[in-house]
2 protein chains.
Amino acid sequence: MGGGSTVFGKFPERSCEELGGEAVLAAIEDAGIRRKDVQFASCATVFGGYCIGQRVLKEVGITGVEIVNVENACAGGATAFRESWLRVATGQYDVAVALGVESMTTSPMVGKLIEPPADDLEGQMGLTVPIFFALMMKRRMHEFGTTLQQAAQISVKNHRHGALNPYSQYKKELTAEEVLNSRMICEPLTLLQCCPNTDGAAAVVLCASHIAKRYVSKPVTVAASALRSGDYLYRWKDATFSDMSHKAARQAYEMAACGPEDLDCIELHDPFTICELMHYEDLGLCEKGEGGKLIESGATLLGGKIPVNPSGGLLSKGHPLSATGVAQVAESVWQLRGVAGQRQVAGARVALTHVVGGYVAGLESGAVGVHIFKI
Amino acid sequence: MGGGSTVFGKFPERSCEELGGEAVLAAIEDAGIRRKDVQFASCATVFGGYCIGQRVLKEVGITGVEIVNVENACAGGATAFRESWLRVATGQYDVAVALGVESMTTSPMVGKLIEPPADDLEGQMGLTVPIFFALMMKRRMHEFGTTLQQAAQISVKNHRHGALNPYSQYKKELTAEEVLNSRMICEPLTLLQCCPNTDGAAAVVLCASHIAKRYVSKPVTVAASALRSGDYLYRWKDATFSDMSHKAARQAYEMAACGPEDLDCIELHDPFTICELMHYEDLGLCEKGEGGKLIESGATLLGGKIPVNPSGGLLSKGHPLSATGVAQVAESVWQLRGVAGQRQVAGARVALTHVVGGYVAGLESGAVGVHIFKI
């Protein structure tokens, strides 16, 4: 497997075609294949418009192959990756590309997703994305005594990692005081506890194992792929736990015949600090309610027992919605190959990616994708 | 396999969720399964917005399953069907739903697709969708002597079929004079040679063969599935032939071990009269340039040697973009089961569906899906 990514950031002057083309060419180069080897492409976007895959592949001169464009809100990247993996794993094709791309600074639709949907009760009550997660944080503080300092530490950690990643939107370390004193978005979530709007693209090349062995002696392998939707908000029994993430992770662990204790590094969905705390628990890194203690322990920092979001995560690397899930896979491939530079997790052998989409008002039941990689 | 569809038409008061939900429930009933049997859903839309599959499945109370939302312009329905077929054919799941849905009368984006793209040379020159096909028709008239009467006969035939189909947007027969005397859209294409804007949804249920045999002694089987993109407009060597349709059809015939001579009925992509004439040739029903003679012969009319678009096609049944490819599959399933009512093709055993998307200015290289079904 090979990965490619643009730098994430705000690039209103760059089109989706240009961003996507750069990522695809980088992934092809990283994998050591040629453009004409590509037999299938799956491309995820939320805001990039119609036939995004066709438009990007035209940019790089790949024609005539099967192209599937997918959308699954923030989980689109994991969906695209799974599409390509399925094609290769079931023998339909030998070489496939998965791509995710967004130009969020130029899309007139970005505001629409953040506006509360007018034809939905929760929307009418103002349940926008940050408010949704602020309420979950409040509940967590009440139930488990999670502190503002613990939440701030998530942002501090991920910005420390992001500062080491050349692909990151923000390459600046922050203190907990800076995080907590930044502008209030929705109490208790401050600006620096929320991911930014981001433009960017990421791509991954997958090969059948008999092809991969032509290029490398020890290829990265896909040990598990799980994608599922969840239950409706009004049926959630617990506002501090993502049941769909828990179920997808369990499914992936079973398929990979491993558990959370076997993981060396993790890229997980941290659009808000509270999310990372919650996902520590639903992915099984610690007991329910213990997420705050886990970040305090330093275990999830680079050099810790189980580094989480060594790339900088959504908070620091940025979050071009559909590109995120693919970028997580590219990061994992680089970590397992030992080429992740200053943010390398020493000796990483097993990596997990986790991304969640659309489980807020109006897009209920959403999608969650979990993948496990081994070398 | 079971199929379900809403009536196609203009229903600005009905949401995508409502349209899609009606189609899914109808397909589930037609297949004789229960809602809880569904393990996977693929949902296609161009205009329906984010997480369309999640929103429709919520409407009918299906939760927790894997959902993939796809987009491939007008070929989205074939893409969704292929997604679900792949899942079942490769043993990932036993029961899958494929869905396509559009509310074109309410989407503010419909006009955008028909507007020439401003950042594209062909767009700046005014190459909108009807103009593109009008130019192809002109070329065909020049090269093969195709006549206006022959083109009009396509519309007459499909409206005659559509008048027999309760799901059709237009249930009224037309004369060639009415077709040719209707308002000029782009010379030589008149209004009644162009498909309408349509709201609607269609769904199909697929089961693994060991499951299907619990319900029917002789199930409809998927004999071939092909999906590919084409080459860029500027590389087309022949404006009277769809090379990508030809290649996809050849791929499907090979997979199904049959040829055009084995087909009993066909649902093909007729957004404009000229398209059906062209696809007669690229699907191999007749020699290149002979499409005009084929329609004149009456062979493609119900009761003829190889009825084409017994449903009424896009011209009469209507064209809710992503729903079309799924509706074609539902129609084929009904034809093969012998339950297509007044539009039944007597003794149909082999059916082919063909849909093309996005090969006009701005969305170049597009997608074409061809499927073959047998009973």
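Residues numbered from 1 in each chain as written. Chains lettered and ligands numbered in written order. Predicted model: local features only at pLDDT ≥ 70, side-chain atom pairs only at ≥ 80, totals over all residues. Heavy atoms only, no water.

Caption draft 1: How the structure looks around the domain arrangement of chain A. Residue and element names in this part refer to chain A. For chain A, the domain assignment lists domain 1 (2–107 + 199–215) and domain 2 (121–195 + 221–374). Put simply, the middle of domain 1 and the middle of domain 2, counted by C-alpha atoms, are 23 Å apart. With 38 residues of domain 1 at the interface, the matching set in domain 2 holds 33 residues. In this assembly, domain 1 packs against domain 2 so that about 2600 Å² is buried in total across both faces, 72% of it on carbon and sulfur atoms. Sorting the residues of domain 1 by area buried against domain 2 places F8, C74 and F81 first, and these three jointly supply 26% of that buried surface. Taken together, domain 1 and domain 2 are joined by seven residue pairs in polar contact (both at pLDDT 80 or more). Residue assignment for the side of domain 1 that touches domain 2 shows that the elements contributing at least two residues are β1 (2–5), α3 (76–89), β4 (95–103) and β7 (199–207). (Domains from an automatic or database assignment. Contact = heavy atoms within 4.5 Å. Buried area = accessible area lost by both parts, 1.4 Å probe. Polar contact = N/O pair within 3.5 Å; in protein donor to acceptor, adjacent residues only side chain to side chain. Helix = DSSP H or I, 4+ residues; strand = E, 2+ residues; numbered from the N terminus.)

Caption draft 2: Molecular detail of the packing of helix α6 (residues 129–144) of chain B against helix α11 (residues 273–282) of chain B. All names here are of chain B. It is the contact of α6 with α11, at a shortest axis distance of 10 Å, that shows an interaxial angle of 60 degrees. The orientation of α6 relative to α11 falls into the category oblique. Judged by the sense of rotation from one axis to the other, the crossing of α6 with α11 is left-handed. Of the residues in α11, those touching α6 at F133, M136, M137 and R140 are I274, C275, L277, M278 and E281. Of the residues belonging to the contact of α6 with α11, the class tally is seven nonpolar, no polar and two charged. (Axes fitted to C-alpha atoms, helices over the stretch in contact; angles between N-to-C directions. Parallel < 35°, antiparallel > 145°, perpendicular 65-115°, else oblique. Left-handed = near helix turned anticlockwise from the far one by under 90°. Nonpolar A, V, L, I, M, F, W, Y, C, P; charged D, E, K, R; others polar.)

Caption draft 3: Seen up close, the nonpolar core. Among the nonpolar cores identified, the biggest contains 124 residues, and A:M1, A:F81, A:V205, B:M1, B:F81 and B:V205 are the most heavily contacted of them. Sequence-distant contacts of A:M1, defined by excluding residues within four places in its chain, comprise A:F81, A:V204, A:V205, A:L206, A:V220, A:V222, A:V329, A:V333, A:R337 and A:F373. (Core = buried A, V, L, I, M, F, W, Y, C linked by side-chain atoms within 4.5 Å. Buried < 20%, exposed > 50% of the residue type's maximum accessible area, 1.4 Å probe, protein only.)

Caption draft 4: View of the interface of chain B and chain A. On the chain A side, the residues contacting the 48 residues of chain B number 48 residues. Taken together, the connections running from chain B to chain A amount to four salt bridges. For B:R82, the salt bridge is made with A:E66, and the minimal N-O distance between the two is 2.8 Å. In this structure, the connection of chain B to chain A is made through 24 residue pairs in polar contact (both at pLDDT 80 or more). (Salt bridge = Lys/Arg side-chain N within 4 Å of Asp/Glu carboxyl O.)

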